[in-house]
Amino acid sequence: EKFKMGLTKTRNSFSTRINELVAKYREVDEDFFEELEEVLISADVGVHAVMDLIEELEAEVKRRNIKDTKEVREVISEKLVELYYGDEDEEEVEGLKEVEDGLTVYLFVGVNGVGKTTSIGKLAHQLKQDGKKVILAAADTFRAGAIEQLDAWGSRVGVDVVKHSAGSDPAAVVYDGIKAAKSRKADVLICDTAGRLQNKVNLMNELSKVKKVITREIPEAPHEVLLTLDATTGQNAMSQAKTFAEATDVTGIVLTKLDGTAKGGIILAIRKELEIPVKLVGLGESVDDLEPFDAHAFVYGLFA
Ligand code: GDP
């Protein structure tokens, strides 16, 4: 339900325009596909993804001998789901990896302002509600106020925050976080990090140092490296994703502010172009507004 609500803007713009298109053309022709292409691109599905999609759609429509544009709408949903999953048969919601026994470590990466801290707070809250003991590590020691902000989330949702002073070594914070998590028998450690995109080499060095510390303590960790992206920034989010994917092994995307944009198609573009699954979506500012991403619900929700 929340997922549907959060997509209101994307859905309204998308389904309204598709419906207009279906009403306008009735019968499938080249102009129909051309306008459809524009609708998809303006929803930020991504130019490459859209071109592939239109091509497949045209082939499928020909194969099934579909003339009625209403029927094409059905095929569009099918193809969008296929677009998201690619060649994989996997059509289940991809949740976060977690270990049964022992400590699960999540590393959050992303630039300032995208909603990283908020997402960490929300996730900590959810995990705690699931009965897990959670600890946060304030390893964004670079941005002014980042430590305090994470600390505030810790108090708000009732989880401990491991922190050092501003400007200190992020890897040392993470190291202490692991020690604290182990000695307090925590289930999950969530590490915040600074996202300084201005300098890719620095970013790469910092993240690899942090990861090295984690892996030295727990060989299979971090269990997820979650890149937070702001859906309202559209193609800018895509370019951030590319940079981070080059700097480190990103295992999943947390896409925030989907409630504030009509361009939810960015989810499909990211999955298609970077082959990184969207694992969580932010659908508002309150603590409960974080949901697992469900591609089926997403695509079919667009037409609901
Ligand atoms: P950070 O700099 O990446 O840590 O970003 P913050 O967590 O401080 O978030 C920046 C702003 O985005 C804050 O005002 C948040 O309330 C807001 N925000 C974060 N996630 C969402 C979301 O899913 N939806 C909406 N509408 N706002 C969000």
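Residues numbered from 1 in each chain as written. Predicted model: local features only at pLDDT ≥ 70, side-chain atom pairs only at ≥ 80, totals over all residues. Heavy atoms only, no water.

A. Region of interest: the environment of leucine 107. Note on placement: leucine 107 falls in strand β1 (residues 104-109). Along the primary structure leucine 107 and leucine 36 are separated by 71 residues, whereas in three dimensions their C-alpha atoms are 39 Å apart. In this structure leucine 107 touches Cys191, Thr193, Val210, Lys211, Ile214, Pro222, Glu224, Val225 and Leu226, once residues within four positions along its chain are discounted. (Helix = DSSP H or I, 4+ residues; strand = E, 2+ residues; numbered from the N terminus. Contact = heavy atoms within 4.5 Å.)

B. Geometry of helix α3 (residues 30-42). Here α3 spans 19 Å end to end across 13 residues, near enough to the 18 Å set by a 1.5 Å rise per residue. Those residues of α3 that sit buried are Phe32, Phe33, Leu36, Val39 and Leu40. Within α3, the buried residues cover an arc of 115 degrees as seen down the axis, which keeps them to one side. The secondary structure elements touched by the buried residues of α3 are α2 (8-25), α4 (47-63) and α5 (69-85). One side-chain oxygen at the N-terminal end of α3 lies 3.2 Å from the backbone nitrogen of aspartate 31; it belongs to aspartate 29. Of the residues trailing α3, aspartate 44 is marked for its positive phi of about 65 degrees. (Expected span 1.5 Å × (residues − 1). Buried < 20%, exposed > 50% of the residue type's maximum accessible area, 1.4 Å probe, protein only. Arc of directions from axis to C-beta. Polar contact = N/O pair within 3.5 Å; in protein donor to acceptor, adjacent residues only side chain to side chain.)

C. Spotlight on helix α9 (residues 200-217). Taking 1.5 Å of rise per residue, the 18 residues of α9 would be expected to cover 26 Å, and the 26 Å separating its terminal C-alpha atoms lies within 8% of that figure. If you check which residues of α9 are buried, you get Leu203, Glu206, Leu207, Val210, Lys211, Val213 and Ile214. When α9 is viewed along its axis, its buried side chains cluster within an angular range of 155 degrees and face the same direction. For α9, the exposed residues set more than 90 degrees away from the buried face come down to Val201, Lys212 and Arg216. The elements touched by buried residues of α9 are β1, α8 (170-183), β4 (188-193), β5 (224-230) and α10 (235-247).

D. Local environment of the side chain of threonine 248. In this fold, threonine 248 is placed in the loop between α10 and β6 (252-256). For threonine 248, the contacting residues outside a window of four places in its chain are Leu207, Lys211 and Val225.

E. Region of interest: the UniProt feature "domain: SRP54-type proteins GTP-binding" (unreviewed entry) in the protein chain. Taken from the UniProt record, the annotation "domain: SRP54-type proteins GTP-binding" (unreviewed entry) applies to residues 277-290. The span residues 277-290 shows a helical share of 0% and a strand share of 43%, and its end C-alpha atoms are spaced 16 Å apart. (UniProt positions renumbered as here; feature names shortened; annotations may be inferred.)

F. Just the site of the ligand, in detail. Taken together, the neighbourhood of the ligand is formed by 17 residues, with Gly113, Thr117, Thr118, Gln149 and Glu285 sitting nearest. Contact between the ligand and valine 114: an oxygen atom at 3.2 Å from a main-chain N or O atom of the residue. Between the ligand and glutamine 149 there is a distance of 2.7 Å, counted from an oxygen atom to a side-chain nitrogen or oxygen. Protein contact buries 80% of the 580 Å² of open area that the ligand shows by itself. Among the elements that take part in the shell around the ligand, helix α6 (residues 116-129) stands out by supplying 4 residues, more than any other. Here the shell around the ligand is built from residues that sort into 3 nonpolar, 8 polar and 6 charged. (Near = heavy atom within 4 Å. Areas by Shrake-Rupley, 256 points an atom, 1.4 Å probe, with all protein chains shown as cover. Nonpolar A, V, L, I, M, F, W, Y, C, P; charged D, E, K, R; others polar.)

G. Broad picture of the packing of aromatic side chains. In total, this model carries 3 aromatic pairs according to the counting rule given. Here tyrosine 25 and phenylalanine 32 contribute two aromatic rings whose centre-to-centre distance is 5.8 Å and whose plane-to-plane angle is 75 degrees, an arrangement assigned as edge-to-face. Phenylalanine 32 shares its class with tyrosine 25; the two are buried. For the pair phenylalanine 32 and phenylalanine 33, a centre-to-centre distance of 5.5 Å together with 70 degrees between the ring planes defines the contact as edge-to-face. (Phe/Tyr/Trp six-rings, centres within 6.5 Å; stacked < 30°, edge-to-face > 60°.)

H. Here's a closer look at the sheet that holds β5. The sheet built from 8 strands is open, its strands ordered β3-β2-β4-β1-β5-β6-β7-β8 with mixed pairing. In the strand order of this sheet, the two ends are held by β3 (160-162) and β8 (290-292), each with one partner. Taken pair by pair, the neighbouring strands of this sheet meet at an average axis angle of 25 degrees, ignoring direction. Its contacts with the sheet place helix α7 (residues 146-157) against β2 (134-139), β3 and β4, and it is angled at close to 170 degrees to β2. (Pairing = 2+ DSSP bridges. Axes fitted to C-alpha atoms, helices over the stretch in contact; angles between N-to-C directions.)

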